[in-house]
Structures are given as structure tokens and as C-alpha cells.
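# Tertiary structure, described
As a plain string of letters, each chain reads:
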2 protein chains.
Amino acid sequence: MEKEQFDGYKYIEGGVCAAAGFTANGLNCGINPVKEKNDLGLVYSEKPCNTAAVYTRNKVKGAPIIVTKKHLEKSGGVSRAVIVNSKNANTCNPNGEEIAEETSRLLADVLGIKPEEVIVASTGVIGMPIYIEPFKNHMEELVNSLSVNGNKEAVNAIMTTDTIQKESAVEFVIEGKSCHLGGMAKGSGMIHPDMATTLNFITTDAAISAEMLQKALSEIVKITYNCLSVDGDTSTNDMVSVMANGLAGNSQIMAEGESYNIFKQALYIVMLDMVKMLAADGEGASKFIECRCSGAPGTDTAIKAAKSVIGSSLVKCAVFGGDANCGRILCAIGYADIDIDVLKIDVELESCAGKILVCKDGMGLEFSEDFAAKILAEKEIYININLNQGNASARAWGCDLTYGYVKINGDYRS
Amino acid sequence: MEKEQFDGYKYIEGGVCAAAGFTANGLNCGINPVKEKNDLGLVYSEKPCNTAAVYTRNKVKGAPIIVTKKHLEKSGGVSRAVIVNSKNANTCNPNGEEIAEETSRLLADVLGIKPEEVIVASTGVIGMPIYIEPFKNHMEELVNSLSVNGNKEAVNAIMTTDTIQKESAVEFVIEGKSCHLGGMAKGSGMIHPDMATTLNFITTDAAISAEMLQKALSEIVKITYNCLSVDGDTSTNDMVSVMANGLAGNSQIMAEGESYNIFKQALYIVMLDMVKMLAADGEGASKFIECRCSGAPGTDTAIKAAKSVIGSSLVKCAVFGGDANCGRILCAIGYADIDIDVLKIDVELESCAGKILVCKDGMGLEFSEDFAAKILAEKEIYININLNQGNASARAWGCDLTYGYVKINGDYRS
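Residues numbered from 1 in each chain as written. Chains lettered and ligands numbered in written order. Predicted model: local features only at pLDDT ≥ 70, side-chain atom pairs only at ≥ 80, totals over all residues. Heavy atoms only, no water.

### Re the overall build of chain A
- In terms of helices and strands, chain A carries eleven helices and 15 strands.
- Rg of the C-alpha trace for chain A: 22 Å, near the compact-globule value of 22 Å for 414 residues, within the 12% margin.
- Its C-alpha atoms give chain A principal-axis dimensions of about 70 × 50 × 35 Å.
- Sequence separation of 24 or more characterises 81% of the internal contacts of chain A that already satisfy a separation of 6 or more.
- In the form shown here, chain A has an accessible surface area of approximately 14300 Å², with 49% of it arising from carbon and sulfur atoms. (Helix = DSSP H or I, 4+ residues; strand = E, 2+ residues; numbered from the N terminus. Rg over C-alpha atoms; globule rule 2.2 N^0.38 Å. Contact = heavy atoms within 4.5 Å. Areas by Shrake-Rupley, 256 points an atom, 1.4 Å probe, with all protein chains shown as cover.)

This is the structure in C-alpha cells:
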């Protein structure tokens, strides 16, 4: 997929290590029996970081979610490291919080930092027994091999059913100082983020207060991660964290204004980029779908309409089958919890092969089925909805529903 | 599937013709190119019927929904006939209401009744052009062959991707009078009823006022059809109607009391029976799933928890694959919009092969995977959730998510 370009921001390599002062590593500690696949990752900042985080709203929460929240409260929003394992979600385990706390203590001891400066996260099977030994036996090795090129090892550690690594980073300028912001994310099922997302860790060397960082994160999550759905299932372990160590040397952002806007845009670009990667690599996906809703009376209405279309199993199957079934799109808008006049809605299908209007004023049009099939035969599909009753707009992202999704999730304990 | 038995109610044959005074018919009028498949159905009552109906809450509504509402308002809740076509939903068509009105007029003329005594319904593709000729050319034939054995022709006419006919009827006694109540329903995709359901027509010879009939229907819809989900997509054309012609000779039910309760239970039995058929025959389904939630602080909480589990794509895939993945069940309870203590939840899996506790106090248990696999290998799966925080309970129904669902809905314009 081609990356969207934004003036003043340049995509760079490095993921979570793109920003100054961050190193990372990953290895197999034995939770995953496949030795070639990392299952334990670490991100470390040489300086303390102002930190923001958002978490899943699922009432069943992974133990690491509970422990990380406590840590950031205790440390006053300051962190130094992220430790994350895959293959076991550490959720619905009686000793879950104990394991997460002990992991943090072990890491803090080796790094010489405080346990409450550790962000701890897990992803994998829910309700599976978890033990401390794999963490304990590999902590020194994990720390000793931290490297500015370690982002690839770290992102490998958080992959589950992902087929591609999800990293993104940009370079930008605040007050003449070169700043960097980058992150890594995991997919690719149980994805329907609600005020947070799938595991996602972002680092930056820009200087920004914890309060303004949280504000920026909350605003951007709403229009990026929370507009993503692979299967409608909101995970128990969703978390996005952003760590800012200030090494870029700009004066710390303490309020809204030009510097805040530049920073927020960088956060938007990286999160948007990763969300699109997550959608395209949704479990079993053969096609990426973006639903663009314009002409809405308000942003929330636009978001709800776009998300409803992206979440519809029937729309997802129609895209998989290359069927320009506009009725299913209208149906999904119709059951969204929004107050709109359905007799004003236009719907257009688009891809690199062209675009075609399939619905006007809420009514189906006769159109060239051949051309529509050609449009839908592409890998990236855009469903453009104009509600024609306002000026707000939003986008939502997802993928088609395929035999592959059923296979992955019908197989034993993915 | 074995039918649930209820004292004082006996299952009988006949569907919509089981009650005295009702006849039915069905034929192919040419909307469906497969000539062996009926696409136009009719149910007729020799006497005027007190009538109740509930409709989809989707804001995109089929033209027949709008027209039927108008008719029942105009007639004061009295109807004589139902006419229904499949293969074209008559939704999002500029001339949709005109077609539905004209169809009603044509039928009323042949039957010698008023157009507003006609309930009109459609199911099929949304946004496809529709013409009056097929209706016009077959109306006399449709009426002339009405028969007390015509229920099979009528139910054949409303089938779409259904693989079995859904009919149910019971016999019961009010004030010593033998009463009958029966119905027919269609599935099997775009099923996530919201205050109504998939097309469903019920007839009875019990005497009951339109007001009490509506009350009974609304109560029963909440705990039957609205607890059914095949794919999370709320159709634009959902409708349930109940016609009561009073021929059983009981004194008309005008208020709550013993007779009302007996009648309401009959409605519950028939609707429950049809809901279970709809779930078992969901698009592509290989397994029927019933989620039973008990120990809830209130009925609404129990319903929401059970529906959330039934609606989860990941739970559905796990059942398809025979994977006792209790984490996905807890996850789905956790993202339901309910206020509960997740640390009290027990989860049990059950089928005719036995039952097994997989989660206790919100934590995953170690259990025999072999026995769990044996349980899940059966065709009818029960997920028993005890919230352990109250006395309310509810059930919800659905099916597994299979390759078949993807195939049906990836194929052209199903």
C-alpha cells in the first residue's frame, strides 16, 4: 500500500528505535514453542519519558493492563521501558497480576530503574496458565542485547497471526529541532478497538508534558485506532502507549499551539499508517477496505456510519466476492446508531481501477456490473459515502471476510 | 433438533394454516428465474383479524414496511391477508411504495377486501429494480388456489438462502375452547433482529384484541427474535405480524389474566421454535449455538451478555473448529454494554455428549481438552454462563461461522 504523504513529515526507518535515545530487543523465551519466533520484546529509553496510554474498555482486562495502569499512576506518568510477550495474554489467570508485577521487578532490577517505570503488556491466548520462569531465565540476555537496531526483534516478538511486521516512523521539526516519532503495532484478529487498540507502542524524542501527550493520544486514537475493525471483537488486552523522552531538545510542549499541532500531526501520521497496515493484514484478509464518510452533520455521525459499514459481515463478504452489493452498504448505514435522513445518501465504490456511483439519494442505481467488478477486483477498496447533510467527515478501516479468517479462527487456540 | 415441550401445548402440523379460517398459497411469478422455486406467497383469513406487528429499526426501511405500517394504521389494526415476495427486497427503489401499494390493491380487488387490510412484505436483494407485472399477471391464480394445505407453498415462497422450511404450530385451550397458533419464518442471513426480525407471519384463531396482541408480541419478540443473530446485520425488511381471527370462540382477551397468559405462552412456544430453526439454518451454519446466561442482576443484562457471546465472530469460529476457547467467551461478555463483576463469571460448555466447566470466577480452568473436543463435535452446542450476581436469566441463539457463510455471501448478489 502506498503511504499517504503529508507536507513537513518524512517517513523514516527504525520503528520504536527511530527516536533518539531508544533501544529495543526481542527473543524467544520459550512461551512460544516455535523457537525461530520471538515471544518476548523490550523497548528501553536511556532517559525517563513522559508517558501517555489508553487501554481497552473491555470489562475483562488482561492483568498487564491493570498493572501498567497502576505503574503509571505511581510514577506520575513517567516510564523507561516496555516489556511485552506474545502467545499468552495473561488474562483470566488467578496469578496474572503477580506475574506481571514480578516481570516488571525482574526487568527493573536488571536495568536499574524502578518497577513502576515499566509498561508491561501481553497478547495471545486468554485463560491459559502462565509461569514466571521464561521471563526470569531470559531477562539478562534480553537487556544485554538492547540495540538501536533492535526494533525488528521487538516487533517480531509481538506478532501473533500477523503476516507482516507493522512499524512506522516519521521525522519532523519543532522550533528548528529535528524530532522523531515511531511505533510498532500488532494485529490481526480480535480487533475492534474501543478507546484503545491492539498492542501498539510509540516512542518519540520530542519534549512534551505527560498531560499534553495524553490529550494528543486520546484525540488521535478516536480517529485512527477506534475506526478500525477486523472482526468486531474488542480485545481484553488492547493498549497504546506513547513514550516521550525529550532528547530532540525542543522546549517542552505544555499547552496547545503550533508545536502541539505539529506533534499531534506526527502522531496522527504514524498511527494512521499503522492502522492501515493492521486493516490490510487483518486475519485472513485478501482486501483492504477504507470507508470514507463525508457530508455528515457531525464527526461522531461520520465515524459511526463508516464503522458500521466496515463492521458488516455481509459487506465484508461482498467485497471478498467482488460483488457491488450497494444494498448491504445502505443496510449497514441504516442500523448504525445515528440520526440521519437516509434519502440523501450517495454511495460510490472506488479503487485504482476507477470509481462508480452505485446509489443516489438512498436509492440503488443501475450501473455497469462489469466495471464495478473490475473496480472490486483490486486489492484496496474504497467505499465513499456522502450523507449530503453536513460538512463533517471520517474514515474507517477494515478488511474483507474470507475463508482464511474462518480457517485461522477455527483452528485450535489461535 | 428436538422441540422443547411445554405442558398444555401440543405441536401440530399446518404452519400458518393450522388455525381455523386461514388458507394459503404460493407460486412462481417470475421474479425468481428458477421456476421450481416459489417467489410469491399469500396467507388469507376468511374473517377480519385483529393484528399486531413489529418492524425493523433499521433506518433504511423496505417500502413494504412503510406501506404495511400505513395500512394497519388506516384499518385500525385489522387485516385479512399477507402477500409476500422473495428475491427482491423492494428496498431503496424510487417506485418501491407505489409497487407495494399497487400489489395490495390488486390483491384486495381479487379477494374483495380493502387494500388497507393487506400486509405486504418483501425479501431479497436491496436496490434492485422492481416491476408490477409479475404480481399483476399472477394475482388471480394465486387467490384461486388458496387452500387449507397451502402453507407449504407459502413458506416455500419466502425462502431465500434457507435450506429448510421454518414452520411451527401449537394447539392449546382457552376457556375450554381449542385454540391454534402457527407461523412461518424465513432466514438465513442479514439476521440480527432489532425489535422485530426476519420475515415472520403468525396466525391464530384465538380471540384477542389488537392491543393485547401487540403487547404479547412485543414481550415475546424481546426474548425470542431479538436474541437471535446470524451475522450481526439488522435487515431493512424485518417484520413479524400476528393475525388473530377469533374463530376458536373464546371470549375476546381484552386484559391481562389467565387467558392472556395461556395465549402469550403459545406465542412464545411457536416463536421460540422458529427462532431455533432460524439459528440452526443460519447461512453456512454447521452448528446451532444456544447461549444461556443465568445469575444476572436483571433480564436486560442477561440478554446483552448472551447476545454478545452469540454475536462474536471469534466464538463462532471457535465452535466451528471445535476449540474450547473460553477466553473468547469471556472477552465477548467483557465488551457487552453491561455493568457486571467479571470476577464472578462461570462458563460451561455443553452438548448431548456432556458438559464441562472451562471458567470459574472469571478465570480460565485447566480441563480435559479431549472431553471438551468431544462435546464440541456435536451439532447443538450450549454455552452456559453463570454471572453469579443475581437471579435473572436469558437465552440467545445463533450458529457457527463457516466457510459456507463466506461462500454464500461472497457469491454474486445473494
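From this point, the narrative continues.
### Some points on the interface of chain B and chain A
- Taken together, the contact between chain B and chain A spans 56 residues of the former and 56 residues of the latter.
- Approximately 4500 Å² of surface area, both sides summed, lies buried where chain B meets chain A, with 59% of it carried by carbon and sulfur atoms.
- Along the contact surface separating chain B from chain A lie zero salt bridges.
- The tally of links from chain B across to chain A stands at 14 residue pairs in polar contact (both at pLDDT 80 or more).
- Listed by contribution, the elements that provide at least two residues to the side of chain B that touches chain A are helix H8 (313-321), helix H9 (326-334), strand E13 (363-364) and helix H11 (403-410) of chain B.
- Here the side of chain B that touches chain A is built from residues that sort into 24 nonpolar, 19 polar and 13 charged. (Buried area = accessible area lost by both parts, 1.4 Å probe. Salt bridge = Lys/Arg side-chain N within 4 Å of Asp/Glu carboxyl O. Polar contact = N/O pair within 3.5 Å; in protein donor to acceptor, adjacent residues only side chain to side chain. Nonpolar A, V, L, I, M, F, W, Y, C, P; charged D, E, K, R; others polar.)

### A closer look at the environment of glycine 14 of chain B
Residue and element names in this part refer to chain B.
- Along the chain, the position of glycine 14 falls in the loop between strand E1 (10-11) and strand E2 (22-27).
- A relative accessible area of 18% means that glycine 14 is categorised as buried.
- Considered as a pair, glycine 14 and lysine 152 are 138 residues apart in the sequence and their alpha carbons are 8.2 Å apart.
- Once residues lying within four places of it in the same chain are set aside, the contact partners of glycine 14 are Asn151 and Glu167. (Buried < 20%, exposed > 50% of the residue type's maximum accessible area, 1.4 Å probe, protein only.)

### Quick word on the relation of the copies chain B and chain A
- Structural alignment of chain B on chain A gives an RMSD of 0.0 Å, achieved by rotating through 180° and translating 0.0 Å along the axis. What the superposition gives is, in effect, a two-fold axis relating one chain to the other. Among all residues of chain B, the minimum C-alpha distance to the rotation axis is found for tyrosine 403 of chain B, at 2.6 Å.
- An overlap of 100% is found between the interface residues of chain B and their copies at the interface of chain A, pointing to a shared contact surface. (Least-squares fit on C-alpha atoms with pLDDT ≥ 70 in both.)

### Section: the sheet that holds strand E10 (residues 288-296) of chain B
All names here are of chain B.
- Within the open sheet, the six strands sit side by side as E13-E12-E11-E14-E10-E15. Their pairing is mixed. The sheet is open, and its two borders are formed by E13 and strand E15 (392-399), each paired with just one other strand.
- As paired strands, strand E12 (residues 354-360) and E13 are joined by two bridges and run antiparallel to one another. Note that in E13 the partner of cysteine 359 across the bridge is glycine 364.
- Together, strand E11 (346-351), E12 and strand E14 (380-386) form the strand contacts of helix H10 (residues 369-376), whose direction differs from that of E12 by roughly 120°. (Pairing = 2+ DSSP bridges. Axes fitted to C-alpha atoms, helices over the stretch in contact; angles between N-to-C directions.)

### Brief notes about the side chain of lysine 287 of chain B
Residues and elements named next belong to chain B.
- With respect to the element layout, lysine 287 can be found in the loop between helix H6 (258-280) and E10.
- One buried charged residue, lysine 287, forms no salt bridge at all, with the nearest opposite charge on aspartate 400 at 5.8 Å.
- Polar contacts involving the side chain of lysine 287 include one to the main-chain carbonyl oxygen of leucine 376, which spans 2.3 Å.
- For lysine 287, the contacting residues outside a window of four places in its chain are Val319, Phe320, Leu376, Ala377, Glu378, Lys379, Ile381, Gly398, Cys399 and Asp400. (Lys, Arg positive; Asp, Glu negative; His and termini not counted.)

### So, the pattern of salt bridges
- Counted according to the given criterion, the structure contains 34 salt bridges over all chains.
- We note a salt bridge from lysine 3 of chain B to aspartate 273 of chain B, for which the minimum N-O separation is 2.5 Å. Taken together, the positions of lysine 3 of chain B in the segment before E1 and aspartate 273 of chain B in helix H6 put the pair 270 residues apart, joining distant regions of the chain.
- Given a relative accessible area of 35%, lysine 3 of chain B falls into the partly exposed group.
- Residue lysine 10 of chain B pairs with glutamate 171 of chain B through a salt bridge whose shortest N-O separation is 3.9 Å. Note that lysine 10 of chain B is positioned in strand E1 and glutamate 171 of chain B in strand E6 (residues 166-174), a separation of 161 residues in sequence.
- By relative accessible area, lysine 10 of chain B is classed as exposed at 51%.
- Within the structure, one salt-bridge network assembled from shared partners comprises Glu4, Lys276, Glu290, Arg292, Glu350 and Arg395 of chain A.

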